[in-house]
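Analysis of the macromolecular model
Each chain, written out:
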Amino acid sequence: MADTATATAGVDHHDDHGHHESFWSKYCFSTDHKIIGFQYLFTGMAMGLIGGFFSYVFRMHLAFPGSSIPFFGVVSPAAYNSLVTNHGTIMIFWVAMPVLIAALGNFLIPLMIGCDDMVFPKINRLSYQVFLLSAIVLIASFFVPQGGFGGAWTAYPPLSAESQYNGTPFGAPMWLIAVTLEIVAFLLGGINFITTVMNARAKGMKLYDIPMVVWMIVIASILFMASVGPLVAGAVMLLFDQTLGTGFFDPAAGGDPVMWQHLFWFFGHPEVYVVLLPAMGVVIEIICTFSRKKLFGYKMILYSSIGLGILSFFVWAHHQFISGVDPRATYLFTTTTLLISIPVAIMLFAMIGTLWGGSIRFTTPMLFALSFIAEFLIGGVTGIWLGSSGTDIYLHDTYFVLAHFHYTFVPIAIIGTFSAIYYWFPKMFGRHMNEFWGKIHFWGTVIPFNGIFLPLFVLGAAGQHRRIAGYTAYPDLYTENFQDLRVFATGSLIVLILFQIPFFVNFVVSLVRGRKAEANPWKANTLEWVAPSPPPHGNFGDNLPEVYRGPYEFSVEGREKDYWPQNEPETAK
């Protein structure tokens, strides 16, 4: 009844204020947090298609060197470098960040803390516009003479600083400008997220009543803001080296190329947690709802996340064990890198503890959430080898590294995103996605994902270097056994790509013909499920919800219902 009453109030509020806007003002220049969230979501999905296509092309080239790749043609060494560089850049900066932080943050934060919008809606709109401009600049760089930047997504000088080395005199500065614009967009968005959560929470919502996914997005925003400054400074210096002939990173001019590595990884490693934390927040919301269990260790997870964020500023040099850093420093960074696995392990075991003894429902979002835990554990465990200087020196820049970070980033950026979309789709669009095709999509994604990257661990352990476009030039690396593994991994990638078709068809068809969703279809507790599906402008109407308890009160003894919404008074059964 509470859901119905609030839903009605919300619709009335929407009608009373008569928000009859044109398509242009409603969907292109909106200040509504939900529309801006959708803009980030759809832009991120479009960029994901581009990044995924790039991976298809260069993996086909590795499996069948010299062949004409369907829909692309023959891959030259320069094109290979550009494809690999921009695949990594897109998937991190234009897919993981916009979808997990910007899209979910914009859509969920006001709804989950019980307010009507962000506190700075126009800054919110500006954030997306700058982000869209960054994506346009990056895509435009693919079409300039010599094509898009080919100096790797880490942009190490002197390869990135000198066009005679990277072969992309126009693409390189455009890549830098695009990344810088993207960073500006997320700084604007982060300010909004933090301020909104601190100042606009519903009446009665204390700090420990805030849903975990909101906490995770806020901590990720703070991490991003605190870590990105050195990278922005480095990007400006690198742009000057590229265009004005300065020598910040040029040894011949008194510069130091290793300085860029320090500036980049001081941001680069916290960046892993910037995208990891929101994904973990998503998984926590889902496993609580579909195991009908109270979150195990709410405060322990929160404090572990904060500790994780602090420790992430002291691990960057484990990426530079072979760069010539003082060997004594490697002991320090090996220690801090191993220490950072502790808070991550606490969070994962808290999720498993939540599942223990629960009444688990294997819905599509729950399947993706469970697979996140399993796959990310593989990424985490293999990371310990790379954080130890002894093993990292051997494995550095091999396919083992590539397999490791794909076992961390794919669960974060892909599996975490699918979990969120299947879970909040009814709230976003007022309709359900098809469960059968959702599960087909799940199995067709998770199985081939392992088929791609498990063989790459073997290649890496065998010493196969990952930055080689043409293995045929190296007979010791191009043996039959190794090539069979590359072909198997590529075949698995194609299977994975084909199984994304059911997802997109399901997504589009469900938007139009999906089963209509009630306000709280999953019987969850957090405040977004109080609003109608989809929420109107203003979210809750004139009656903003009041909070009486935490967000994870499931299966409380003595209650008829196995869930207890945050806005429901104590007297309600």
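Computed from a predicted model, the values in this text were never measured in an experiment.

**Things to note about the packing of helix H5 (residues 121-141) against helix H7 (residues 171-199)**
Where H5 meets H7, the axes come as close as 8 Å, and the angle between the chain directions of the two elements is 165°. The orientation of H5 relative to H7 falls into the category roughly antiparallel. Crossing handedness for the pair H5 and H7: left-handed. Residues of the contact of H5 with H7, tallied by class, amount to 17 nonpolar, 7 polar and 1 charged.

**Regarding unusual backbone geometry**
Residue proline 157 is joined to proline 158 through a cis peptide bond whose omega torsion reads 5°. With respect to the secondary-structure elements, proline 158 resides in the loop between H5 and helix H6 (163-166). The phi dihedral of phenylalanine 71 is positive, around 75°, even though this residue is not glycine. Position of phenylalanine 71 relative to the elements: it lies in the loop between strand S1 (68-69) and strand S2 (73-74). Accessibility expressed as a relative area gives 77% for phenylalanine 71, which makes it exposed. Although it is not a glycine, alanine 152 adopts a positive phi angle of roughly 75°. Locating alanine 152 in the fold gives a position in the loop between H5 and H6. Judged by relative accessible area, alanine 152 falls into the buried class, the value being 17%.

**A short note on the UniProt feature "domain: Cytochrome oxidase subunit I profile" (unreviewed entry) in the protein**
Mapped onto the present numbering, the UniProt feature "domain: Cytochrome oxidase subunit I profile" (unreviewed entry) falls at residues 24-548. For residues 24-548, helix accounts for 68% and strand for 1%, while the C-alpha atoms at its two ends are 40 Å apart.

**Considering the nonpolar core**
In this structure, Tyr40, Trp94, Met212, Met280, Ile284, Phe372 and Trp424 are the most contacted members of the largest nonpolar core, which totals 174 residues. Take this core: its biggest share by element is 23 residues, from helix H4 (residues 77-113). The contacts of methionine 280, once residues within four sequence positions are left out, are Val344, Met347, Leu348, Met351, Phe372 and Phe376.

**Focus: the pattern of salt bridges**
For the coordinates displayed, the defined rule picks out 13 salt bridges. Where aspartate 326 meets arginine 328, a salt bridge forms, and the shortest distance between an N and an O atom there is 2.7 Å. For arginine 328, a relative accessible area of 64% translates into the label exposed. Across the pair arginine 549 and glutamate 570 runs a salt bridge whose closest N-O atoms are separated by 3.6 Å. Here the residue arginine 549 occupies a position in the segment after helix H17 (500-513), and glutamate 570 occupies one in the segment after H17, the gap between them amounting to 21 residues. By relative accessible area, arginine 549 is classed as buried at 7%. One salt-bridge network, held together by shared partners, links Arg292, Arg361 and Asp562.

**Describing helix H8 (residues 212-243)**
For H8, with 32 residues, the first-to-last C-alpha span of 45 Å sits near the 46 Å given by 1.5 Å per residue. Of all the bends in H8, the greatest reaches close to 40° and is centred on valine 228; the proline proline 230 follows between one and four positions later. Glycine 245 sits one or two positions beyond H8 and adopts a positive phi of about 80°.

**As for H4**
Every α-helix carries 3.6 residues per turn, so stepping three or four residues along brings you back to the same face. Over its 37 residues, H4 extends 51 Å from the first C-alpha to the last, a length consistent with the 54 Å expected when each residue adds 1.5 Å. If you look at H4, its biggest bend is around 50°, right at proline 98. Taking burial as the measure, the 37 residues of H4 include 33 buried ones, the bulk of the element. Within two residues after H4, glycine 114 carries a phi angle of roughly 80°, on the positive side.

Parameters at a glance
Each chain has its residues counted from 1, running along the sequence as written. Confidence filtering applies because this is a predicted model: local features only for residues at pLDDT of at least 70, side-chain atom pairs given and counted only at 80 or more, and all residues used for totals across whole chains, interfaces and linings. Only heavy atoms go into the side-chain values, all of them from the structure, while hydrogens and water stay out. The axes are straight lines fitted to the C-alpha atoms, using for helices just the contacting stretch, and the angles between their N-to-C directions are given from 0 to 180°. In this text, helices come from DSSP runs of H or I with a minimum length of four residues, and strands from runs of E with a minimum of two, each type numbered from the N-terminal end. Here is the rule for angles: anything less than 35 degrees is roughly parallel, anything more than 145 is roughly antiparallel, 65 through 115 is roughly perpendicular, and the remaining ranges are oblique. By convention the crossing between two helices is left-handed if the near helix lies anticlockwise of the far one by an angle smaller than a right angle, and right-handed if it lies clockwise. Basically, the charged four are Asp, Glu, Lys and Arg, the nonpolar ten are Ala, Val, Leu, Ile, Met, Phe, Trp, Tyr, Cys and Pro, and anything else, Gly included, counts as polar. Using a 1.4 Å probe on the protein chains alone, a residue whose accessible area is under 20% of its type maximum counts as buried, one over 50% counts as exposed, and one in between counts as partly exposed. UniProt positions are given in the numbering used here, feature names are shortened, and annotations may be inferred rather than shown by experiment. Working definition of a nonpolar core: buried Ala, Val, Leu, Ile, Met, Phe, Trp, Tyr and Cys residues. They are joined through side-chain atoms within 4.5 Å. Residues are treated as being in contact if the distance between any of their heavy atoms lies within 4.5 Å. Each reported salt bridge corresponds to a side-chain nitrogen of Lys or Arg within 4 Å of a carboxyl oxygen of Asp or Glu. Each residue after the first adds 1.5 Å to the expected span of a helix. To get the bend at a given residue, fit one axis to the seven residues ending there, fit another to the seven starting there, and take the angle between those axes.

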